[in-house]
Amino acid sequence: MLITGYWYEDLPPVIDIINMKAIIERIIENIDNHIYDDFYKTNGIITEYNPFHNGHLYHLNKIKEKYPDHTIILVMSGNFTERGDVSIIDKWKKKNIALQAGIDLIVELPFPFATQSADYFSYGAITILEYLNVEKVVFGSESNNIEDLETIVDCQLNNEDFDKLVKIYSKFGKNYPTALSLALKDLTGKEITTPNDLLGISYIKAIKKNNYKIKAETIKRTNLYHEEELNEEISSATAIRKALKEKKDIEKHVPDFTIPYLNNLHFIEDYFTLLKYKILTEDNLSQYQTVDEGIDQLLKNEISNSSSYEELVNKYIEMEIPVERLEMKKEEALKMGAEAMFIDKYGDEVIVYKIGDVSIELCGGPHVSNTKELGTFKIKKEEASSAGVRRIKAVLN
């Protein structure tokens, strides 16, 4: 029996990450037992469908070709995507497209996981598939080499020298992704830099860390994830979004059943006025991640006269905020409120950059004495950099 479609959304708007199992148990309870019992042969996929294009259709067709008698379960992000970007079409349109494409069951990845970096995103999605007794998660891969990806994950999880090397590279000014890549290359001789393989590593890591039964399998990806221009074969979602924003014709780059839903599009710039309203009317901005004491009032002061993200950033630059470079013990830096991703990967001695009351972080540093030395900030484009990471390309004049 194939399921014609199921979309589950009845979750509270704010969910603590530690309650993941309770969330998933609630999802499972709300799926009819007679439907759940028929998931005896299943493949799972994890995606954003932002928007659904020919590459996604190729992925689905390859799974159906290899496993014609398997049900396909989709875990999909909703209105917002990784790193808090906005989906260009709403989740209900994405759901309708997915059902027309032949997906059998759709479960929304809860917002706190859908908008996180790759490891949290992957943990949430893989855990849902595991609780649904899915046999395999099948994902697109540039290398199409599951053995290499598993070797890299085993090194990350089990090789004691891995963390040591990451800390050494971090101490010499490398950011965490670069330090991680260099350490893995030293220990395994393998280098993974492409976005789908990086996301696949996060999937496999979630499986291995939690001793899940679900298996990982790859399908060769036919294009580059972050290509910015449309091509004759399969174009990336990044290129299609860019083309839509520039009002170019994308009909041959998406299936016919996607076209009717590509209206009333949403882009992150469209939400600046809402962000401005929220900042100006919110009594306590410090409840939001990375908004520390001092920054909240600064935001309120500067955003009232700003009409775009660029303008807001440039107001900060023009303030000539002093930049301090400090060397100290990691424990002392944390007491000061310094922030860093993957803080446990840093050594005992760290470099801290403090930009007035706006920012205090562990990093390689901006190499200026005050913000005005940066010049004028101008956003050139926004794109996918790697799994779970959006890159803003900007120039300083």
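Rules behind the numbers
- Residues numbered from 1 in each chain as written.
- Predicted model: local features only at pLDDT ≥ 70, side-chain atom pairs only at ≥ 80, totals over all residues.
- Heavy atoms only, no water.
- Helix = DSSP H or I, 4+ residues; strand = E, 2+ residues; numbered from the N terminus.
- Buried < 20%, exposed > 50% of the residue type's maximum accessible area, 1.4 Å probe, protein only.
- Core = buried A, V, L, I, M, F, W, Y, C linked by side-chain atoms within 4.5 Å.
- Contact = heavy atoms within 4.5 Å.
- Phe/Tyr/Trp six-rings, centres within 6.5 Å; stacked < 30°, edge-to-face > 60°.
- Pairing = 2+ DSSP bridges.
- Axes fitted to C-alpha atoms, helices over the stretch in contact; angles between N-to-C directions.

**Section: the environment of I219**
So, point 1. Residue placement: I219 occurs in strand 6 (residues 215-220).
So, point 2. For I219, a relative accessible area of 12% puts it in the buried group.
So, point 3. Sequence separation between I219 and E142 is 77 residues, and the spatial gap between their C-alpha atoms is 8.5 Å.

**Digging into the nonpolar core**
So, point 1. Grouped together as the largest cluster of nonpolar side chains are 39 residues, with contacts concentrated most on I46, L109, I126, L129, V137 and I214.
So, point 2. What L129 contacts, discounting residues up to four positions off in sequence, is G44, I45, I46, I73, V75, V134, V137 and I214.

**A word on the packing of aromatic side chains**
So, point 1. Scanning the entire structure with this criterion turns up four aromatic pairs.
So, point 2. Arranged with centres 4.7 Å apart and planes meeting at 75°, the rings of Y49 and F52 form a pair that is edge-to-face.
So, point 3. Measuring from ring centre to ring centre gives 5.7 Å for F52 and F257, while their planes differ by 45°; the resulting arrangement is tilted. Placement of the pair is F52 in the loop between strand 2 (42-47) and helix 3 (54-66) and F257 in the loop between helix 11 (237-245) and helix 12 (272-281), with a sequence separation of 205 residues.
So, point 4. Taken together, the ring pairs connect Y49, F52 and F257 into an aromatic cluster.

**Brief notes about the sheet that holds strand 8 (residues 349-355)**
Sheet strands line up and pair through hydrogen bonds in the backbone, either parallel or antiparallel.
So, point 1. Spatial ordering of the open sheet is given by 7-8-9, a layout of three strands whose pairing is antiparallel. Looking at strand neighbours, the two that pair on one side only are strand 7 (323-329) and strand 9 (359-362), the edges of this open sheet. With direction set aside, neighbouring strand axes in the sheet form an average angle of 25°.

**Some points on unusual backbone geometry**
So, point 1. In this structure, P51 follows N50 across a cis peptide bond, with omega equal to 0°.
So, point 2. Structurally, the position occupied by P51 is in the loop between strand 2 and helix 3.
So, point 3. Unlike most non-glycine residues, Y49 shows phi in positive territory, near 45°.
So, point 4. Following the sequence through the fold, Y49 ends up in the loop between strand 2 and helix 3.
So, point 5. Residue N144 is not a glycine yet carries a positive backbone phi of 55°.
So, point 6. Note that N144 resides in the loop between strand 5 (136-141) and helix 7 (146-158).

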